[in-house]
Amino acid sequence: MASVLSHYLDSIRDSLRLDPSSEREVTSELETHIEDRLDELRQAGLSEEEAANTCLKLLGSAKLVARQ
């Protein structure tokens, strides 16, 4: 996964207020969702960097995602 997306996931982890088991479950599910979206964007013809940037824009703020 692109380093910018890894940083994004780290930011979400830092903002979560969950027990470690729930935190792993949430971040694992989110990571799977991100990987799926990246694959879709790359198959649509975007470069790795374009796909990562588009994915971040679609997901929104890491703090907002953590609150949700």
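Everything quoted here is computed from the prediction, not taken from an experiment.

Asker: Is there a simple way to explain the overall build of the chain in this structure?
Answerer: Counting its regular elements, the chain contains four helices and zero strands. Walking the chain from its N terminus toward its C terminus, one meets helices and strands in the order α-α-α-α. Radius of gyration (C-alpha) of the chain: 12 Å, near the 11 Å computed for a compact globule of 68 residues. With the C-alpha coordinates of the chain rotated into their principal frame, the extents come out at 40 × 20 × 20 Å. Taking all 68 residues of the chain together, 26% fall into the buried category. Sequence separation of at least 24 residues holds for 56% of the intrachain contacts in the chain that already meet a minimum separation of 6.

Asker: Looking at this structure, I do not really get the nonpolar core. What am I missing?
Answerer: One broad trend across soluble globular proteins is that nonpolar side chains are buried collectively. Leu5, Tyr8, Ile12, Leu30, Ile34 and Leu38 are the most contacted members of the largest nonpolar core, which totals 16 residues. Counting residues per element, the ones that place at least two in this core are α1 (3-15), α2 (20-43), α3 (48-59) and α4 (62-67).

Asker: Quick question: what am I supposed to make of α3 here?
Answerer: Structural remark: α-helix, 3.6 residues per turn; residues separated by three or four positions point the same way. Its twelve residues give α3 an end-to-end C-alpha distance of 16 Å, which sits within 8% of 16 Å, the value for a rise of 1.5 Å per residue. Taken as a whole, α3 has its buried residues at Ala51, Ala52, Cys55 and Leu56. Burial along α3 is one-sided: seen end-on, the buried residues are contained in an arc of 135°. For α3, exposure combined with an orientation more than 90 degrees from the buried face picks out Glu49, Lys57 and Leu58. Check the buried side of α3 and you find it contacts α1 and α2. Two residues or fewer past α3, Gly60 is found with a positive phi of approximately 90°.

Asker: What's the story with the confidence of the model for the chain in this structure? I'm lost.
Answerer: Segments scoring low in pLDDT should not have their predicted coordinates read at a detailed level. Looking at the chain as a whole, the pLDDT averages 88, with 97% of positions reaching at least 70. Mean pLDDT across the elements of the chain ranges from a minimum in α4, with 85, to a maximum in α2, with 91.

Asker: So what exactly am I meant to see when it comes to the pattern of salt bridges here?
Answerer: With the rule as written, the count across this model stands at four salt bridges. Between Arg13 and Asp10 there is a salt bridge; the shortest N-O distance is 2.7 Å. Within this pair, Arg13 and its partner Asp10 are both found in helix α1, separated by three residues, close to a single helical turn. Taking the relative accessible area as the measure of exposure, Arg13 reaches 27% and is therefore partly exposed. The exposure class assigned to Asp10 is partly exposed, which follows from its relative accessible area of 38%. Across the pair Arg42 and Glu48 runs a salt bridge, and its minimum N-O distance is 2.8 Å. Where salt bridges share partners, they join Asp39, Arg42 and Glu48 into one cluster.

Each value, and the rule that gives it
- Residues numbered from 1 in each chain as written.
- Predicted model: local features only at pLDDT ≥ 70, side-chain atom pairs only at ≥ 80, totals over all residues.
- Heavy atoms only, no water.
- Helix = DSSP H or I, 4+ residues; strand = E, 2+ residues; numbered from the N terminus.
- Rg over C-alpha atoms; globule rule 2.2 N^0.38 Å.
- Buried < 20%, exposed > 50% of the residue type's maximum accessible area, 1.4 Å probe, protein only.
- Contact = heavy atoms within 4.5 Å.
- Core = buried A, V, L, I, M, F, W, Y, C linked by side-chain atoms within 4.5 Å.
- Expected span 1.5 Å × (residues − 1).
- Arc of directions from axis to C-beta.
- pLDDT = per-residue confidence, 0-100.
- Salt bridge = Lys/Arg side-chain N within 4 Å of Asp/Glu carboxyl O.

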